[in-house]
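# Observations on chain architecture
Chain by chain, the residues run as shown.
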Amino acid sequence: MAHEKLLTVPAEPYPFEFDPARSALLIIDMQRDFLEPGGFGAMLGNDVGQLRRTIEPNRRLLGAWREAGLLVIHTREGHRPDLADLPPAKQVRGHGAKTIGDDGPMGRILVRGEAGHDIIPELYPKTGEPVIDKPGKGAFFATDLHAILQNRGIDRLVVTGVTTEVCVNTSVREANDRGYDCLVLEDCVGSYFPEFQEMGLKMIKAQGGIFGWVGKSADVIGAIAKK
Ligand code: TIU
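This report concerns the structure included in the present document. (Residues numbered from 1 in each chain as written. Predicted model: local features only at pLDDT ≥ 70, side-chain atom pairs only at ≥ 80, totals over all residues. Heavy atoms only, no water.)

The calculated volume of the largest pocket comes to roughly 650 Å³. Residue lining of the largest pocket: 27 residues in total, with Phe34, Phe40, Leu44, Glu77 and Lys137 positioned closest to the centre. Sorting the residues of the lining of the largest pocket by element identifies helix 2 (40-43), helix 5 (88-92) and helix 7 (164-177) as the ones contributing at least two each. Among the residues forming the lining of the largest pocket, the class breakdown is 13 nonpolar, 8 polar and 6 charged. (1 Å grid on protein atoms, 1.4 Å probe; cavity = no way out; pocket = protein on both sides within 12 Å on 5 of 7 lines; lining within 4 Å. Points joined across faces, edges and corners; volume = space filled by probe spheres on them. Helix = DSSP H or I, 4+ residues; strand = E, 2+ residues; numbered from the N terminus. Nonpolar A, V, L, I, M, F, W, Y, C, P; charged D, E, K, R; others polar.)

In structure tokens form, the structure reads like this:
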């Protein structure tokens, strides 16, 4: 009976039910250039401390998720070294002194294969865990994520990563329109801007869970440990 495997965790706007075998942990863009002091995000004047508080909760959750033998998927935002997949509009947006593809503090900014583009060591992917290289903010745009999830029979996503209002929100909205139920963990997602963190989460759970649910990592860890 499929229902025998259903787990329930407290969440808003109401408890989130999931079958772990049909659920994936989707960790969005926990990349050095967004999170590390001396990276691209810090170079733009952002407070990376707002994102770094998510590292330890993500590390604990990832450990428990792996221990339970469940699917983990990582994403990275970035572009081909020849920048052929970089929309000119994205390249020039903001009129910054440095932009995507330029030499930054940890190699060429948001270019695949460069040190700053890679995932932070604390959450480094293990062999066998799919890593989705995405050119946009959403994890489904121009990627094989949907095919991978369908091939594994996944219908629920536990979503973490950065930033709450940009790549996390975009990916959750894309997932929701494709029929996935998403639980976003508030202690495992971060924004450079506290007000966007708060509103980014409210937007997901408003109107009866218009895009998904919001919960806490400790509850997911507790649920999968008991399974
Ligand atoms: N991963 C992600 O959110 N990319 C961004 O560019 N985020 C910002 O908040 N800028």
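The next point concerns the environment of Gly69. On the secondary structure map, Gly69 appears in the loop between helix 4 (55-67) and strand 4 (71-77). Given a relative accessible area of 64%, Gly69 falls into the exposed group. The spatial distance from the C-alpha of Gly69 to the C-alpha of Ala21 is 8.9 Å, given a sequence separation of 48 residues. (Buried < 20%, exposed > 50% of the residue type's maximum accessible area, 1.4 Å probe, protein only.)

Moving residue by residue along a regular strand, the side chains alternate between the two faces of the sheet. Of all 7 residues that make up strand 4, 7 are buried, and the element is covered over most of its length. Because side chains alternate across strand 4, one face comprises the buried residues Leu71, Ile73, Thr75 and Glu77, and the other comprises Val72, His74 and Arg76, equally buried. Where strand 3 (residues 23-28) lies against strand 4, 5 bridges are found, and the strand directions are parallel. From the neighbouring strand, Ile27 faces strand 4, where its bridge partner is His74. Across 4 bridges, strand 4 lies against strand 7 (residues 131-134) in parallel orientation. By the bridge assignment, Glu77 is partnered in strand 7 with Lys134. (Pairing = 2+ DSSP bridges.)

Our focus in this paragraph is the site of the ligand. Surveying the vicinity of the ligand reveals the residues Asp29, Phe34, Glu77, Lys137, Val162, Thr163, Val166 and Cys167. At a separation of 2.7 Å, a nitrogen atom of the ligand approaches a polar side-chain atom of Asp29. The contact in question runs from a nitrogen atom of the ligand to an N or O atom on the side chain of Glu77, over 2.9 Å. Of all the cavities here, the one that holds the ligand is the largest pocket. (Near = heavy atom within 4 Å. Polar contact = N/O pair within 3.5 Å; in protein donor to acceptor, adjacent residues only side chain to side chain. Sits in = over half its atoms within 2 Å of the grid points.)

Let's shift gears to the pairing of strand 9 (residues 181-190). The element strand 9 is largely enclosed, with a buried count of 7 among its 10 residues. With 6 bridges connecting them, strand 8 (residues 156-162) and strand 9 associate as parallel partners. The residue of strand 9 that forms the bridge with Val159 is Val184. Once you follow strand 8 into helix 7 and on to strand 9, the crossover reads as right-handed. Summarising the sheet, strand 9 and strand 10 (residues 213-215) pair through 3 bridges and their orientation is parallel. When the bridges of strand 10 are listed, Leu183 appears paired with Trp213. (Right-handed = clockwise from strand over helix to strand, strands pointing away.)

This brings us to helix 8 (residues 194-209). A rise of 1.5 Å per residue sets the reference length of helix 8, with its 16 residues, at 22 Å; its end C-alpha atoms lie 21 Å apart and thus fit the reference within 8%. Considering bend angle alone, the principal kink of helix 8 is centred on Lys202 and spans about 35°. Every buried residue of helix 8 is accounted for by Gln197, Gly200, Leu201, Ile204 and Gly209. Close packing links the buried residues of helix 8 with helix 7, strand 9 and strand 10. (Expected span 1.5 Å × (residues − 1). Bend = angle between axes of the 7 residues up to and from the residue. Contact = heavy atoms within 4.5 Å.)

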